[in-house]
Amino acid sequence: MSIHVTVWNENRTKPSTEKMYEVYPEGIHGMLKEIFERAGFEVRIALLDEVQSGLGKDVLEWTDVLVYWSHIAQEELPDCVAESIVNRVNQGMGFIPLHSAHRCKPFVRLMGTTCSLRWRESFDREILWGIQPSHPILEGVGEYITLQPEEMYGEYFDIPKPDETVLLGWFSGGEVFRSGVCYRRGSGKIFYFQPGHETYPTYKNEEIQRILANAVRWAAPASMKESVHECRKTEPVQHD
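Q: Please clarify how helix α4 (residues 79-91) should be interpreted in this entry.
A: Residues separated by three or four positions in an α-helix point in the same direction, a consequence of the helix having 3.6 residues per turn. Its 13 residues place the ends of α4 18 Å apart at the C-alpha level, agreeing with the 18 Å of an ideal helix rising 1.5 Å per residue. Buried residues of α4: V81, A82, I85, V86, R88, V89 and Q91, and no others. Buried-residue contacts for α4 involve α3 (57-62), β3 (65-69), β4 (94-98), α5 (105-111), β8 (176-185) and β9 (188-193). Positive phi appears at G92, one or two residues downstream of α4, with a value of about 135°.

In structure tokens:
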């Protein structure tokens, strides 16, 4: 059975990000859709300005893995939609927030921390090191990937201790960053992936594309388990 992927994008620009459409003529969501369709997944796009921000109940119930890109409109996502995403992750939906989505409402709620970090947009070079080469997310990926330019994200990254740290980034300014981290929340899997500044061609890199496709396969649920995460009154299993 094909994995159902929803690619969500705020699809907003400001003067400093207008060149995004020169790099990605169909938008970042269009580039991601192309990557995932080539990997054999069934893909739909959802955008912030759609009804229910494109993430109504029917869409979330259809979705096995939600891939989420956001930046300048983090606070515009309604709280009720953010909570629906969190609930769906607890039920088993995979969640992959990308780059500046480290500050999106669903990820912050799932982490329980500020998810703040250091950053600098200055055409840095990043060397992205795979530190768990046997991890499914790194299948077919080389020992390291060089990205230039890429926006610098640096420690301290205010997240809980990851279940697994898969990738570490080193930047030409000397900073380091936990660039690929995995969590489990309820029955769901989460993979935060750092590279992907909107005006840089990061998502055109074949090894970045491979990581993204691998991450979807890793995060996809075997099944959804709604009842497991509800408070239920039960009778004793023994009456002796």
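Q: Explain the packing of aromatic side chains here, please?
A: Any aromatic ring pair is given by two values, namely how distant the centres are and how the planes are angled relative to each other. For the structure on display, the rule yields 11 aromatic pairs. Ring geometry for W129 and Y144: centres 5.0 Å apart, planes at 40°, overall tilted. In this pair, W129 is assigned in strand β5 (residues 118-130) and Y144 in strand β6 (residues 144-154), connecting sequence segments 15 residues apart. Here the aromatic residues F107, Y153, F157, F177 and Y192 are joined through ring pairs into a cluster of three or more. When the ring centre of W62 is taken as reference, the NZ or CZ atom of R44 above it lies at 4.9 Å.

Q: Looking at this model, I keep getting lost on helix α2 (residues 27-38). Mind explaining?
A: Spanning 12 residues, α2 covers 17 Å between terminal C-alpha atoms, matching the ideal 16 Å at 1.5 Å per step. Residues of α2 that are buried sit in contact with β1 (4-9), α1 (20-23), β2 (42-47), β3, β4 and α6 (206-219). Immediately beyond the C-terminal end of α2, within one or two residues, lies G40, with a positive phi of roughly 95°.

So, how was this worked out
Residues numbered from 1 in each chain as written. Predicted model: local features only at pLDDT ≥ 70, side-chain atom pairs only at ≥ 80, totals over all residues. Heavy atoms only, no water. Helix = DSSP H or I, 4+ residues; strand = E, 2+ residues; numbered from the N terminus. Expected span 1.5 Å × (residues − 1). Buried < 20%, exposed > 50% of the residue type's maximum accessible area, 1.4 Å probe, protein only. Contact = heavy atoms within 4.5 Å. Phe/Tyr/Trp six-rings, centres within 6.5 Å; stacked < 30°, edge-to-face > 60°. Lys NZ or Arg CZ within 6 Å of the ring centre and 35° of its normal.

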